[in-house]
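Reading the structure
Take a look at the letters that make up each chain.
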Amino acid sequence: MKIATFNVNSLRARIGNVLDWLKQAQPDVALFQEIKCTEAEFPRLEIESLGYNVNCIGQKSYNGVAILSRTPMTIEQSSLPGDHGDEQARYLEAIIDVPEGEKWKALRVATIYLPNGNPVESEKFPYKLAWMKRLKAHAAELLKLEEPTILGGDYNVIPTDNDVYDPVAWADDALARPETRAHFRALAWLGYTDAFQHLHPEGHRYTFWDYQAGRWQRDEGLRIDHLMLSPQAADCLEACEIDRDPRKKEKPSDHTPVWCELRL
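The following refers to the structure shown. (Residues numbered from 1 in each chain as written. Predicted model: local features only at pLDDT ≥ 70, side-chain atom pairs only at ≥ 80, totals over all residues. Heavy atoms only, no water.)

Here we come to the environment of lysine 248. Inspection of the secondary structure assignment puts lysine 248 in the loop between strand S11 (237-242) and strand S12 (258-262). Looking at lysine 248, the relative accessible area reads 54%, which means it is exposed. Along the sequence, lysine 248 and tryptophan 216 sit 32 residues apart, while their C-alpha atoms lie 8.7 Å from each other. (Helix = DSSP H or I, 4+ residues; strand = E, 2+ residues; numbered from the N terminus. Buried < 20%, exposed > 50% of the residue type's maximum accessible area, 1.4 Å probe, protein only.)

The structure is reproduced here in structure tokens:
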């Protein structure tokens, strides 16, 4: 199975690019973030016409996440557990049916749009850290199920200095602060594998380039989109790559997809 994560940065504004990517990349499961539309506004017919089942949670003009699957799915969580007062559409979790005959009968996936946290001096940074603490607690509970699980999405985390074009310039940003990195490392210490880093330890491979200052043209980017795999999923990992082609399109998202292949 091929599973991809993609921060589309406004799905309706970039629907042509997204449909082209789905046709070309052919993921079995696609995890979208920052769809920036409500469920009613989601371009369901266009995506379903390509053979995908769709589930999403949205907000008007910002946030919003979605899961696309070629096989049936069952939604398990429509928000990140741990704070009933958090109404931001940032987390969606589902059980994906695996084609008959494979070792595993189902794959658990979650699409994650983790808070940015900037400016650090505002209430946004404590919210980010609290969200990451909740994510760790939920991720620990998921490990107890001993299932192949992928927690994928835009984490808004630069894990190490090898994941940013200029570590000094980004040192005080919420994406690279020590507190942020510590929470991300905690996921790995629980037992989750960063699929891309595991297969590409060389570093300086990016998933996001700012629209300004020619960052894309100079390959001055960040690696902030991640696929975190449970041990059962990591045991099945065969490949993981960053697909740069969508970032080359006219009016692209500032992110580009990351995908992995599992032999379940």
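This brings us to helix H1 (residues 15-25). Listed as buried for H1 are Ile15, Val18, Leu19, Trp21, Leu22 and Ala25. Along H1, the residues classed as buried sweep out an arc of 160° about the axis, all on the same side. Looking at the buried residues of H1, the elements they touch are strand S1 (2-7), strand S2 (29-33), helix H2 (44-48) and strand S4 (65-69). Just downstream of H1 lies glutamine 26, where phi reads positive at about 55°. (Arc of directions from axis to C-beta. Contact = heavy atoms within 4.5 Å.)

On to the sheet that holds strand S3 (residues 53-57), then. In sheet architecture, strand pairing relies on hydrogen bonds along the backbone and comes in two forms, parallel and antiparallel. Strand order in the open sheet made by the 6 strands is S3-S4-S2-S1-S12-S11, with mixed pairing throughout. One side of each edge strand has no neighbouring strand; the edge strands of this open sheet are S3 and S11. Each strand of the sheet is rotated relative to its neighbour by a mean of 15°, with strand direction disregarded. Alignment of S3 against S4, held across 5 bridges, turns out to be antiparallel. When the bridges of S4 are listed, asparagine 53 appears paired with serine 69. Against the sheet, H1 makes contact with S1, S2 and S4, and its axis sits at roughly 155° relative to S2, the strand it touches most. (Pairing = 2+ DSSP bridges. Axes fitted to C-alpha atoms, helices over the stretch in contact; angles between N-to-C directions.)

This part takes up the pattern of salt bridges. Summed over the entire model, instances satisfying the criterion amount to 20 salt bridges. One salt-bridge network, held together by shared partners, links Glu76, Glu93, Arg108 and Glu147. (Salt bridge = Lys/Arg side-chain N within 4 Å of Asp/Glu carboxyl O.)

So, on to the packing of aromatic side chains. Taken as a whole and assessed by the stated rule, the structure comprises 5 aromatic pairs. An angle of 45° between the planes, with centres 6.4 Å apart, marks the rings of tryptophan 21 and phenylalanine 32 as tilted. Of the two residues, tryptophan 21 is situated in helix H1 and phenylalanine 32 in strand S2; the sequence distance between them amounts to 11 residues. Of the two residues, tryptophan 21 and phenylalanine 32, both sit in the buried class. The interplanar angle of 85° and the centroid separation of 4.7 Å between the aromatic rings of tryptophan 209 and tryptophan 216 together place this pair among those described as edge-to-face. An aromatic cluster is present here, built from Phe6, Trp21 and Phe32 joined pairwise through their rings. In this arrangement the basic side chain of lysine 2 is found over the ring face of tryptophan 259, its NZ or CZ atom lying 4.7 Å from the centre. (Phe/Tyr/Trp six-rings, centres within 6.5 Å; stacked < 30°, edge-to-face > 60°. Lys NZ or Arg CZ within 6 Å of the ring centre and 35° of its normal.)

Grouped together as the largest cluster of nonpolar side chains are 30 residues, with contacts concentrated most on Ile3, Ile67, Ile96, Leu107, Ile150 and Leu262. Of all the secondary structure elements, the ones that give two or more residues to this core are S2, S4, strand S6 (91-97), strand S7 (106-113), helix H6 (195-199), strand S10 (225-229), S11 and S12. Residue contacts for isoleucine 3: discarding those within four places in its chain leaves Val29, Leu31, Leu107, Ile150, Leu227, Val258, Trp259, Cys260 and Leu262. Core analysis: the second largest hydrophobic core is formed by 23 residues, Leu11, Leu22, Ile47 and Tyr52 among them. (Core = buried A, V, L, I, M, F, W, Y, C linked by side-chain atoms within 4.5 Å.)

With mixed pairing, the 6 strands of this open sheet are ordered in space as S5-S6-S7-S8-S10-S9. Of all strands in the sheet, those with a lone pairing partner are strand S5 (73-77) and strand S9 (193-194), marking the two edges. One ladder, built from 7 bridges, connects S6 with S7; its direction is antiparallel. Within S7, the residue paired with glutamate 93 across the bridge is alanine 110. Packed on one face of the sheet, helix H3 (residues 124-143) meets S5, S6, S7 and strand S8 (149-154) and runs near 20° to S6.

Here we take up helix H5 (residues 178-190). Two residues of an α-helix separated by three or four positions point the same way, owing to the 3.6 residues in each turn. For H5, with 13 residues, the first-to-last C-alpha span of 18 Å sits near the 18 Å given by 1.5 Å per residue. Where H5 is buried, its residues touch H3, S9 and S10. (Expected span 1.5 Å × (residues − 1).)

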